[in-house]
Amino acid sequence: MNRKIEIRNNLENVKERIAVAAQKAQRDLADITLVVVTKTFEVGDLEILYALGEREFGENRDQEASKKAEQLPEDINWHFQGQIQSNKLKSICKWADFIHSVDQFKYAKIISDQCQIKPMSIFLQVSLDSPVESRGGIDPIKLENLASEISELPGVSIAGLMAVAPLGIEADQAFKRVQMIHSNFKHKFPQAKLLSAGMSGDFETALLYGATHLRIGSSILGNRYLSE
Ligand SMILES: *Cc1c(COP(=O)(O)O)cnc(C)c1O
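The numbers attached to residues start from 1 for each chain and follow its sequence in the written order. Confidence filtering applies because this is a predicted model: local features only for residues at pLDDT of at least 70, side-chain atom pairs given and counted only at 80 or more, and all residues used for totals across whole chains, interfaces and linings. As a rule here, side-chain values come from all non-hydrogen atoms in the structure, and water together with hydrogens is ignored.

1. A closer look at the site of the ligand
Basically, it comes down to this: Nearness is judged by heavy atoms alone; a residue qualifies as near a molecule or strand once a single heavy atom is within 4 Å of it. Any pair of nitrogen or oxygen atoms within 3.5 Å is treated as a polar contact; in protein, a donor-acceptor pairing is required on top of that, and neighbouring residues in sequence qualify only through side-chain atoms on both sides. In these tables, accessible area is a Shrake-Rupley quantity obtained with a 1.4 Å probe, and a residue counts as shielded only by the protein chains included in the view.
Around the ligand there are 13 residues in total, and Lys39, Ser200, Gly217, Ser218 and Arg224 lie nearest to it. For the ligand, an oxygen atom lies 2.8 Å from a polar atom in the backbone of glycine 217. The contact in question runs from an oxygen atom of the ligand to an N or O atom on the backbone of serine 218, over 2.8 Å. The protein chains hide 91% of the 390 Å² of surface that the ligand would expose on its own.

As structure tokens, this is what we get:
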């Protein structure tokens, strides 16, 4: 099938599923942002998505994403959602509009140093794994302390929380827990309204439990053949 038609159909299908899930959850569609996870896919696919009206793209690798950002129009919001490495952060700050995976103060400090002119919106990644923090993300117990420290930094704005459902646990259970963590968190950090949760396999469940940013790749673009 023609790639353009394939992407258009998949995108329509995902959006329809989001609309159905939003209705079920009695959520306003305007509060839900679809981030199309374009990592490993070529610029041509992103151009197709752009022509279809998509403006939120998610990437995991600095080198790949900075090249894509150079080749595509300016009005795209780029979301970095991969594992952070200190030595890549300076470059990430040049192209990213949102960083979803901040889980340590030292990363926020680097972002702060890079983003004095235009503050960076970040999500704090919460670990739902056991053992906790085994795959990135901060232990929920340490979350408020981390956020308080980061709040003191100029150039960084905590937009919300991010989570990935652990393997081998019902998404339902995982996202219910995230919703609770987020709801407590918002009492202390009321500006942190966003919740980045849900991928191709579980976005409808995430939506039910308050996700505002769905990070969806393979349901729209197909299987990735390269590792992320
Ligand atoms: C790759 C990735 C996604 C998208 O996953 P799909 O299953 O392809 O939708 C979402 N979030 C993160 C953090 C990812 O690394």
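2. Let's talk about the packing of aromatic side chains
Formally: Classification of ring pairs uses Phe, Tyr and Trp, with its six-membered ring standing for Trp, and accepts pairs whose centres are within 6.5 Å; under 30 degrees between planes counts as stacked, over 60 as edge-to-face, and the remaining range as tilted. Numbering of helices and strands starts at the N terminus; helices are DSSP runs of H or I of at least 4 residues and strands are runs of E of at least 2. Remark: exposure states derive from per-residue accessible area (1.4 Å probe, protein chains only) relative to the maximum for the residue type, with buried under 20%, exposed over 50%, and partly exposed in between.
Under the defined criterion, the tally for this structure stands at four aromatic pairs. With 5.6 Å between their ring centres and 70 degrees between their planes, phenylalanine 57 and tryptophan 78 make a pair best called edge-to-face. With phenylalanine 57 in strand β2 (residues 56–59) and tryptophan 78 in strand β3 (residues 77–80), the pair connects residues that are 21 residues apart, well separated along the chain. By the burial criterion, phenylalanine 57 is buried, and tryptophan 78 matches it. Ring geometry for phenylalanine 98 versus phenylalanine 123: centroids 6.3 Å apart, planes at 45 degrees, classification tilted.

Read these as spatial facts, not as claims about activity.
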